[in-house]
Amino acid sequence: MVVSDFDAIVIGAGIQGSYAAYHLSKTSKALLIDQFALPHSRGSSHGQSRIIRKAYSKACYAHMMTECYQQWKQLEAEGNIELFRETGLLVLGEEVDPTFQNMKKTLIDNKVPMATLTSADFSKSFPAVKLPKGVSAILDKTAGILQADRALKTVQDLFRRFGGTIRDGEKVVEIQPGYWVTVTTTLGIYRAKSLVITAGPWTNELLNLVGLQLPLKTRRIIVCYWKEKVPGTYGISKGFPCFIRINSGPTLHDFYGLPSNEYPGLVKVCHHDGNNADPDERDINFHLSSQDVNLLSDFLSKEFPGLDPRPAVIEYCMYTNTPDHDFILDHHPDHGNIIIGAGFSGHGFKFAPVVGKVLSELCFGNKPSYDLSPFKINRFWLKSSL
Ligand SMILES: Cc1cc2nc3c(=O)[nH]c(=O)nc-3n(C[C@H](O)[C@H](O)[C@H](O)COP(=O)(O)OP(=O)(O)OC[C@H]3O[C@@H](n4cnc5c(N)ncnc54)[C@H](O)[C@@H]3O)c2cc1C
């Protein structure tokens, strides 16, 4: 079989791998491989919408957001397409909650346009949301919605336009590390001086081929859409924002939602967690969803009484969680030219432009633009040896 040579190969054409490939293709000959024919809905990057926000409880993420916003804007310009819509984001939580406090602090520290709403302001502005006693609200005015499917396609189209090659419908089955890394798929053999692995929930399956396992949990997430009793009550055109409902109390259930827009009259509200699941068996054991649906129904009945508490549409997606919910952006510990981007823990989409950029910097051996110490693999080994 003929072996094709590239400067860099990226395995996994979700948003992270596609953005890494996009950056690589600006200066080098790059190949992007995916096991499925594109587009597909089996991983973590499909669907119409993702929230983008500057409200973050950890400074390392808040710090990256300025450039993320700039790069998403650049992508819109390069692709001549609209991908972002500003809606604002309500952060709802108890004033004493550490996550709530830290989000407020990073917004203030970074001088992000925001507002703290008194309960009187809140009831006046959002009469269709009933906040329990003790729950406060802040508004990140810069937040909004990224059109996920369109964004992914735009990144891949630009990658091709810059000269990149995509091989989809080819599963990687073997990786031979070395000065030249050799990648064997179900259809071909490719070589490159660097390899990026961005395989989402299949990361450990891929890393098994290069003698590494990371503490990743793959979680099946149900994505629910709920019908407005009066159409438009929580509508984007009426100025209803995205929201995050933090609940670090004894029940520990965080919820988030987006205004009705993508499916008319339906509001997307999800539980920020799910059940452990193998990505290849995501749609088996449907009954496991019912617990999450019940949690969401209870929450909505109490706090969003303008929604029918029975889901109108249910879709599925995968999270790949690390123990601390922070990303992994690092070299393979034994093979410096194999770079890993993984563990995006259900909040990685908005960061893809910067994640792709730092993965491409690691590939070229350049100094990364950001301090990557929170994202290093050795944080797990260091903790487990304590
Ligand atoms: C329901 C839901 C809501 C979310 N909401 C938000 C949000 O509001 N804001 C936000 O910022 N983030 C959000 N996220 C998180 C975000 O979508 C993910 O962090 C991001 O999509 C992860 O992308 P990825 O490229 O790492 O993984 P994936 O999209 O899963 O891509 C991995 C790719 O690797 C390929 N692959 C795997 N193995 C092989 C192989 N052997 N050979 C070839 N190809 C292979 C797969 O086919 C797949 O295409 C959400 C996620 C979900 C599921």
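About the thresholds
- Residue positions are given per chain, counted from 1 along the sequence in the order it is written.
- The predicted origin of the model limits local features to residues at a pLDDT of at least 70 and limits the giving and counting of side-chain atom pairs to 80 or more, whereas totals for whole chains, interfaces and linings rest on all residues.
- Excluded from the side-chain calculation are hydrogens and water; included are all heavy atoms of the structure.
- A run of H or I in DSSP counts as a helix once it spans at least four residues, and a run of E counts as a strand once it spans at least two, with each numbered from the N terminus.
- To estimate the expected span of a helix, subtract one from its residue number and multiply by 1.5 Å.
- Only protein chains enter the area calculation, which uses a 1.4 Å probe; residues under 20% of their type maximum are buried, those over 50% are exposed, and those in between are partly exposed.
- By definition in these notes, contact holds between two residues if any of their heavy atoms fall within 4.5 Å.
- All axes here are fitted lines through C-alpha atoms, helices being fitted over the stretch that makes contact, and every angle between N-to-C directions spans 0 to 180 degrees.
- We call a crossing left-handed when the near helix sits turned anticlockwise from the far one by less than a right angle, and right-handed when that turn is clockwise.
- For this scheme, ten residues count as nonpolar: Ala, Val, Leu, Ile, Met, Phe, Trp, Tyr, Cys and Pro. Four count as charged, namely Asp, Glu, Lys and Arg, and the remainder, Gly too, count as polar.
- As annotated, the domain borders come from an automatic or database domain assignment.
- Note: buried area is the sum, over both parts, of the accessible area (probe 1.4 Å) each one loses when the two are combined.
- Here, a salt bridge means any side-chain nitrogen of Lys or Arg that lies within 4 Å of a carboxyl oxygen of Asp or Glu.
- Each polar contact in these results corresponds to two N or O atoms within 3.5 Å; when the atoms are within protein, one needs to be able to donate a hydrogen and the other to accept it, and residues that are neighboring in sequence are counted only if both atoms are side-chain atoms.

(A) View of helix α7 (residues 289–303). The terminal C-alpha atoms of α7, which comprises 15 residues, lie 21 Å apart, in line with the 21 Å expected from a rise of 1.5 Å per residue. Listed as buried for α7 are S289, D292, V293, L296, S297, F299, L300 and E303. Of the surrounding elements, those touching the buried residues of α7 are β13 (217–228), β14 (242–245), β15 (255–258), β16 (266–271), β17 (275–276) and β18 (307–321).

(B) Region of interest: the packing of helix α2 (residues 59–79) against helix α5 (residues 148–161). Between α2 and α5, the least distance of the axes is 10 Å, while the angle of their chain directions is 65°. In the crossing of α2 with α5, the sense of the turn from one axis to the other is left-handed. Across the interface between the two elements, W72, L75, E78 and G79 from α2 touch A151, T154, V155, L158 and R161 from α5. For the contact of α2 with α5, a count of residues per class yields five nonpolar, two polar and two charged.

(C) Quick look at the domain arrangement of the protein. Domain annotation of the protein identifies domain 1 (3–45 + 149–215 + 327–384) and domain 2 (89–141 + 217–321). With centres defined by C-alpha atoms, the gap from domain 1 to domain 2 works out at 31 Å. Across the boundary between the two partners, domain 1 contributes 13 residues, which contact 12 residues of domain 2. Together, the buried faces of domain 1 and domain 2 total about 1000 Å²; carbon and sulfur atoms form 41% of this surface. Of all residues in domain 1, R42, P201 and S345 bury the most surface against domain 2, accounting for 43% of the area lost on that side. At the junction of domain 1 with domain 2, the criterion picks out one salt bridge. Of the charged contacts in the structure, one is a salt bridge between D283 and R42, with a shortest N-O distance of 3.7 Å. For the pair domain 1 and domain 2, the interface holds seven residue pairs in polar contact (both at pLDDT 80 or more). When its residues are assigned to classes, the side of domain 1 that touches domain 2 shows four nonpolar, seven polar and two charged.

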